[in-house]
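An overview of the molecular structure
Spelled out, the chains give:
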Amino acid sequence: MNRIDKKFTELKRRGEAALIPFVTAGDPEIRTTLSILHALEAAGADMIELGVPFSDPMADGPVIQRSGERALKHGVGLGDVLRMVQEFRARDRATPIVLMGYANPIEAMGTDAFFARAKDAGIDGVIVVDYPPEECTEFAAAAKAHGIDPIFLLAPTSTDKRIHEVARCGSGYLYYVSLRGVTGAANLDFSEVSKKIPQIRAATRLPIGVGFGIRDAESARRVAEAADAVVIGSRIIQEIEAGAAGEAVARVKAFLKPIREALDASFHR
C-alpha cells in the first residue's frame, strides 16, 4: 500500500476527509518552498500537491500563474522540484506528495527518466493537466509500474463516459474541478458539487478530491461533507504573495491551521 492509499484508508476509518493544500515549487524561492512543505504538514495537511512551474499554465488563474512566474524567474525547473522533494523526504517519510503540472517538462526530461527520478525522490502521485486519459494509456501504465499514482481531472461538464474513462486509467484519487474555469475564478456552487459527487462515486471506488474555489474554513467544511478530500490552492498562494518572502512560512501555516481545526471539529461532533 503506497502513501496515498494508506492515508485515505486511515481517514476513511476515522470518517474524515483529507486536507490537501497546493503550493508552487520555487515560490517565493526553492528553499522557502521546502520550509513551506514542512509547515503545511505541521499545520495539518494530510497530503500536499506541489505545482511544477511552467510557462504556459492553461488551467491556472492569475494567482497561480504569478506564483509560477516567480519560480521561473529563479530558474526553477522539474529537476529542481524533484531534488527538493528528495530533501523533504529526509525529514518526512509519511506525507504523500503529488506533483501537479503540464506535459512539456516531463516530455523534455523523458517519461521513463521522469518516473525513475520521481520514484527515487519520493513522489506518490502525478497530475498532468494537459494529459487527457483517452490519450495517455502508456503514461498511466508507466506511472503505475513505478508505484506512482496517475491522477486525472473531472469537471462539472464531465459525462458518464468521461467519468468511467478517468476511473479506469487513474489511481490514488480523482480530482474533481468544481468550477467551469481556471483556478480561483469564481465562488463555489456547493449544490452542484453535492449533485456531481454521487454521479462520480457510481463509477469508481477511488477517493474523490474537490478543488478550485475553496477559500476558507467554511467552504472546506461544506465540501468535506460530500468529498473524500478538500484541495486548497489559490488562497494559499495569495497568502504567500501578500507578505515578504521571509513571512511566507508563517503566513501559510497560520492560514491552514484554522481550516484543519474547523474540519476536525466538524468530523468529531
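Let us look at the structure shown here. (Residues numbered from 1 in each chain as written. Predicted model: local features only at pLDDT ≥ 70, side-chain atom pairs only at ≥ 80, totals over all residues. Heavy atoms only, no water.)

Describing the overall build of the protein chain
Rules: Strands are runs of DSSP state E lasting at least 2 residues, helices are runs of H or I lasting at least 4, and numbering of each runs from the N terminus. Radius of gyration here uses only the C-alpha atoms, and the compact-globule reference equals 2.2 Å multiplied by the residue count raised to the power 0.38. The criterion used for residue contact is that any of the two residues' heavy atoms lie within 4.5 Å. Accessible surface is estimated by sampling points in the Shrake-Rupley manner with a 1.4 Å probe; for residues, cover comes only from the protein chains shown.
Across its full length, the protein chain carries 12 helices and nine strands. Taken over C-alpha atoms, the radius of gyration comes to 17 Å for the protein chain, in line with the 18 Å a tight globule of 269 residues would show. For the protein chain, the spread of C-alpha atoms along the principal axes amounts to about 45 × 40 × 35 Å. Pairs at least 24 apart in sequence give 73% of the contacts found in the protein chain among residues at least 6 apart. Of the roughly 11,400 Å² of accessible surface on the protein chain, 49% is carried by carbon and sulfur atoms.

Focus: the sheet that holds strand E8 (residues 208-211)
As a reminder of what qualifies: Here, a strand pair is defined by DSSP locating no fewer than two bridges between the strands.
In spatial order, the strands read E5-E4-E3-E2-E1-E9-E8-E7-E6; together these nine strands make up an open sheet with parallel pairing. Of all strands in the sheet, those with a lone pairing partner are strand E5 (149-151) and strand E6 (153-154), marking the two edges. In this structure, E6 lies alongside strand E7 (residues 174-177), joined through two bridges in parallel fashion. Its bridge partner being in E7, Leu154 is matched across the sheet by Tyr176.

What to know about unusual backbone geometry
In this chain, Asp27 is followed by Pro28 through a cis amide linkage whose omega measures 0°. Locating Pro28 in the fold gives a position in the loop between strand E1 (18-24) and helix H2 (30-42). With a phi close to 75°, Phe212 is a non-glycine residue in the positive phi region. Tracing the backbone shows Phe212 in the loop between E8 and helix H10 (217-224).

Observations concerning the state of the cysteines
To keep things clear, this is the line we draw: What counts as a disulfide here is a pair of cysteine sulfur atoms lying within 2.5 Å.
Considering all chains together, one arrives at zero disulfides under this definition. Between Cys136, a cysteine without a disulfide, and Cys169, which holds the nearest cysteine sulfur, the sulfur-to-sulfur distance is 6.1 Å.

Regarding the side chain of Thr95
Formally: We define a polar contact as two N or O atoms separated by no more than 3.5 Å, with the added condition that, inside protein, one atom must be a possible hydrogen donor and the other a possible acceptor, whereas residues neighbouring each other in sequence contribute only through side-chain atom pairs.
Here Thr95 is to be found in the loop between helix H4 (78-89) and strand E3 (97-101). Within polar-contact distance, the side chain of Thr95 engages the side chain of Asp92 at 2.8 Å.

Comments concerning the environment of Pro105
Here is the rule: For the exposure calls, accessible area comes from a 1.4 Å probe over protein chains only, and a residue counts as buried if that area is under 20% of its type's maximum, exposed if over 50%, partly exposed in between.
Topologically, Pro105 is positioned in helix H5 (residues 103-109). Its relative accessible area of 18% is what places Pro105 among the buried residues. With 55 residues separating them in the primary sequence, Pro105 and Leu50 have C-alpha atoms 14 Å apart.

Considerations on the packing of H10 against helix H12 (residues 248-267)
Going by this rule: Lines fitted to the C-alpha atoms define the axes, with helices restricted to the stretch that makes contact. Angles between their N-to-C directions range from 0 to 180 degrees. Should an angle fall under 35 degrees it is called roughly parallel, over 145 degrees roughly antiparallel, and 65 to 115 degrees roughly perpendicular, with every other angle called oblique. Should the near helix be turned counterclockwise from the far one by less than a right angle, the crossing is left-handed, whereas a clockwise turn marks it as right-handed. Ten residues, namely Ala, Val, Leu, Ile, Met, Phe, Trp, Tyr, Cys and Pro, are considered nonpolar, four, namely Asp, Glu, Lys and Arg, are considered charged, and the remaining ones, Gly among them, are considered polar.
Running from N to C, H10 and H12 cross one another at 40°; their axes reach a closest spacing of 9 Å. Comparing the axis directions of H10 and H12 gives the class oblique. Note on packing geometry: the crossing formed by H10 with H12 is right-handed. Within the contact between the two elements, H10 uses Ala217, Ala220, Arg221 and Ala224 and H12 uses Pro258, Ile259, Ala262, Leu263, Ser266 and Phe267. Of the residues assigned to the contact of H10 with H12, the class counts are eight nonpolar, one polar and one charged.

Here we look at the packing of aromatic side chains
How we decide: Geometry of aromatic contacts follows a simple scheme: Phe, Tyr and Trp rings, the Trp one being its six-membered ring, pair when their centres are within 6.5 Å, and the pair is stacked under 30 degrees between planes, edge-to-face over 60, tilted otherwise. Lysine and arginine charges are scored as sitting over a ring when NZ or CZ, respectively, is within 6 Å of the ring centre and within 35 degrees of the ring normal.
The tally for this structure, following the rule as stated, stands at six aromatic pairs. With a centroid separation of 5.0 Å and an interplanar angle of 50°, the aromatic rings of Phe115 and Phe139 are classed as tilted. In this pair, Phe115 sits in helix H6 (residues 111-121) while Phe139 sits in helix H7 (residues 137-145), placing the two residues 24 residues apart along the sequence. In this pair, the class of Phe115 matches that of Phe139, namely buried. Members of the aromatic cluster, joined through ring pairs, are Phe114, Phe115, Tyr131 and Phe139. A cation over a ring is seen here: Arg222 above Phe190, with NZ or CZ 4.0 Å from the ring centre.

Honestly, it's all geometry; don't read function into it.
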